[in-house]
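# Observations on the three-dimensional arrangement
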Amino acid sequence: MAFFMLPNVVEYACVCGLLSPLTKLYFCRYCLKIRCGFCVCHEVDSHFCCNCLENIPSSEAKIRKNRCNTCFNCPSCQHTLSVRASSSTVVPAAAAPAAAAGEEGKKEEPPAAKQITRKMYYLACLNCRWSSRDVGIPDQSVATGQWPEPEYANATRFGLLLEHYQSVVLHEKQEKQELWRRKTPKTSKFPSLTDRTGLTVSMIRRQMGWTDSKAQIKATPSSINRSVASEAVDELPEDLLTKPIQLKNITTLQQRLAQPAKQPFTVNKLYPQHKLLSIKRSLRCRQCDHNVTNQDQLRGYPAAEANQSNHQRHDHHNNPRMVQQSVNITFRLHFFNQNR
């Protein structure tokens, strides 16, 4: 038995010796052993958005920084924002007045301009009533329109740092591969014709006047300007200690950490953030590399159902208490066979 707030009454031992409730254990049908969360391999199968259910490949999710392009989170309460529609009236530019005059020299009045009603969309939170209009984000004419992204002061600097460290990692990886290639022993004395004649590929390319291909592939870390400490600091405002503080206009710690790039201090600078992607993972046994099963899938284990009739199987599937007993019988048979 497993409880959410109370201590666990019954715990089972994993092969590693860790005691866990039945809800947190897995069973391998090929190894016939119980596995816990630390004894299985966690593999990411796919990325998807839990709101729009869009399936995104892993390469594209890495480019998007593991965020959805169409769904947003409320910056105030972290709930999912919904798109709301509203109608707005647009008056087109008035046409130039007609200059034609009648016999009496009177000018004709221009016709009245027609009003056009358009459907505009904005983001709103149904939980805390926050909307994109609170921070001055203009409404969009399309429900799935490109909402404007806030600009950050240090975005360019962080981009340069990211490119620099990516080149450093690539350079170190190439050096490790080159060192591993030199230390690896050769399988035979003369693996190829060029080694028998004493000529290598690089020497042949040099004799033909071509450049060495390895020199082109080898990457070098990009240079970057280091940050320099400065003593020039902005002065504090004069009314810092005298101005009364309004806690309703100050952001909380959770709201600031949700936007680490800017960390706004006031509520009027909160912008919607793209929703994080969810993953679909598969659990594999570390010993046999097969998928493991949880307690919901153990009801079809043949060792526990060998002595049951078809009528009893039907009752087990319909009654959750009988399913729990079937799972317990499975583990008891497994431990009995091991200790026998």
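Quick notes on the rules
Residues numbered from 1 in each chain as written. Predicted model: local features only at pLDDT ≥ 70, side-chain atom pairs only at ≥ 80, totals over all residues. Heavy atoms only, no water. Helix = DSSP H or I, 4+ residues; strand = E, 2+ residues; numbered from the N terminus. Buried < 20%, exposed > 50% of the residue type's maximum accessible area, 1.4 Å probe, protein only. Contact = heavy atoms within 4.5 Å. 1 Å grid on protein atoms, 1.4 Å probe; cavity = no way out; pocket = protein on both sides within 12 Å on 5 of 7 lines; lining within 4 Å. Points joined across faces, edges and corners; volume = space filled by probe spheres on them. Nonpolar A, V, L, I, M, F, W, Y, C, P; charged D, E, K, R; others polar. Core = buried A, V, L, I, M, F, W, Y, C linked by side-chain atoms within 4.5 Å. Patch = residues over 30% accessible without salt bridge, like charges linked within 9 Å, V, L, I, M, F, W, Y side chains within 5 Å. Areas by Shrake-Rupley, 256 points an atom, 1.4 Å probe, with all protein chains shown as cover. Salt bridge = Lys/Arg side-chain N within 4 Å of Asp/Glu carboxyl O. Expected span 1.5 Å × (residues − 1). Phe/Tyr/Trp six-rings, centres within 6.5 Å; stacked < 30°, edge-to-face > 60°. Lys NZ or Arg CZ within 6 Å of the ring centre and 35° of its normal. Pairing = 2+ DSSP bridges.

## Here's the deal with the overall build of the chain
Scanning the chain from N- to C-terminus turns up eight helices and eleven strands. A total of 340 residues make up the chain; the buried ones form 23% of that total. Taking contacts inside the chain between residues at least 6 apart in sequence as the whole, the part at least 24 apart equals 60%.

## Comments concerning empty space enclosed by the protein
Counted by the stated rule, this structure contains two cavities of 30 Å³ or more. Reported here for the largest cavity is a volume of approximately 70 Å³. Surrounding the largest cavity, Phe-72, Leu-123, Ser-132, Ile-137, Trp-147, Pro-148, Glu-149, Pro-150 and Pro-272 form its lining. Each residue belonging to the lining of the largest cavity can be placed in one class, and the counts come to seven nonpolar, one polar and one charged.

## Focus: unusual backbone geometry
If you check the backbone angles, Leu-32 has positive phi at about 55° while not being a glycine. Position of Leu-32 among the secondary structure elements: in the loop between strand 3 (26-28) and strand 4 (33-35). A relative accessible area of 35% means that Leu-32 is categorised as partly exposed. One non-glycine residue, Asn-66, lies in positive phi territory at about 60°. With a relative accessible area of 38%, Asn-66 lands in the partly exposed category.

## Some points on the layout of surface pockets
Put simply, the largest pocket is a space of about 820 Å³. If you go around the largest pocket, you meet 22 residues; those closest to its centre are Arg-64, Lys-65, Arg-67, Tyr-152 and Ala-261. The set of elements that each furnish at least two residues to the lining of the largest pocket consists of helix 1 (58-63), strand 7 (67-73), helix 2 (155-183) and strand 10 (273-276). With six residues, helix 2 is the single largest residue contributor to the lining of the largest pocket. Partitioning the lining of the largest pocket into residue classes produces nine nonpolar, seven polar and six charged. Approximately 370 Å³ is the volume attributed to the second largest pocket.

## Some thoughts on the nonpolar core
Counting nine residues, the largest nonpolar core is built from Phe-72, Cys-74, Leu-81, Leu-123, Cys-125, Trp-130, Val-135, Ile-137 and Trp-147. In terms of nonpolar packing, the next biggest core, distinct from the first, is built from eight residues, Leu-22, Phe-27, Ile-34 and Cys-39 among them.

## Looking at a nonpolar patch on the surface
A cluster of nonpolar side chains, namely Leu-236, Leu-240 and Leu-241, defines an oily patch on the protein surface of about 390 Å² accessible area. Mapped onto the secondary structure, Leu-241 falls in the loop between helix 5 (213-217) and helix 6 (253-257). Under the relative-accessibility criterion, Leu-241 is labelled exposed at 82%.

## A look at helix 2
Helix length check: helix 2, at 29 residues, gives a terminal C-alpha distance of 42 Å against a target of 42 Å (1.5 Å per residue), a fit within 8%. Residues of helix 2 that are buried include every one of His-164, Ser-167, His-171 and Gln-174, and no others.

## Here we look at the packing of aromatic side chains
Scanning the model with the defined rule gives zero aromatic pairs in all. In this arrangement the basic side chain of Arg-133 is found over the ring face of Tyr-122, its NZ or CZ atom lying 4.0 Å from the centre.

## Side note on the pattern of salt bridges
Note on pairing: side chains with opposite charge can pair once their charged atoms come close. Applying the stated criterion across every chain yields a total of five salt bridges. For the salt bridge of Arg-64 with Glu-54, the shortest nitrogen-to-oxygen distance reads 3.9 Å. Here the residue Arg-64 occupies a position in the loop between helix 1 and strand 7, and Glu-54 occupies one in the loop between strand 5 (40-48) and strand 6 (55-56), the gap between them amounting to ten residues. Residue Arg-64 is classed as buried on the basis of its relative accessible area of 18%. The exposure class of Glu-54 is partly exposed, given its relative accessible area of 30%. Ionic pairing is found between Arg-64 and Glu-60, a salt bridge with its closest N-O pair at 2.5 Å. Judged by relative accessible area, Glu-60 falls into the partly exposed class, the value being 31%. Each of Glu-54, Glu-60 and Arg-64 takes part in one network of salt bridges that share partners.

## Details of the sheet that holds strand 11 (residues 278-285)
Pairing is antiparallel across the open sheet formed by three strands, whose spatial order is 6-5-11. In this open sheet, the two edge strands, each paired with only one partner strand, are strand 6 and strand 11. The sheet contact formed by strand 5 and strand 6 spans two bridges and is antiparallel. Looking across to strand 6, one finds that Phe-48 is bridged to Asn-55.

## Structural notes on the pairing of strand 5
Here strand 5 pairs with strand 11 via eight bridges, running antiparallel. If you follow Glu-43 over to strand 11, its bridge partner there is Ser-282. Taking the residues that link successive antiparallel strands as the turn, the strand 5-strand 6 hairpin has six residues, and the phi of Leu-53 there is positive, at about 60°.

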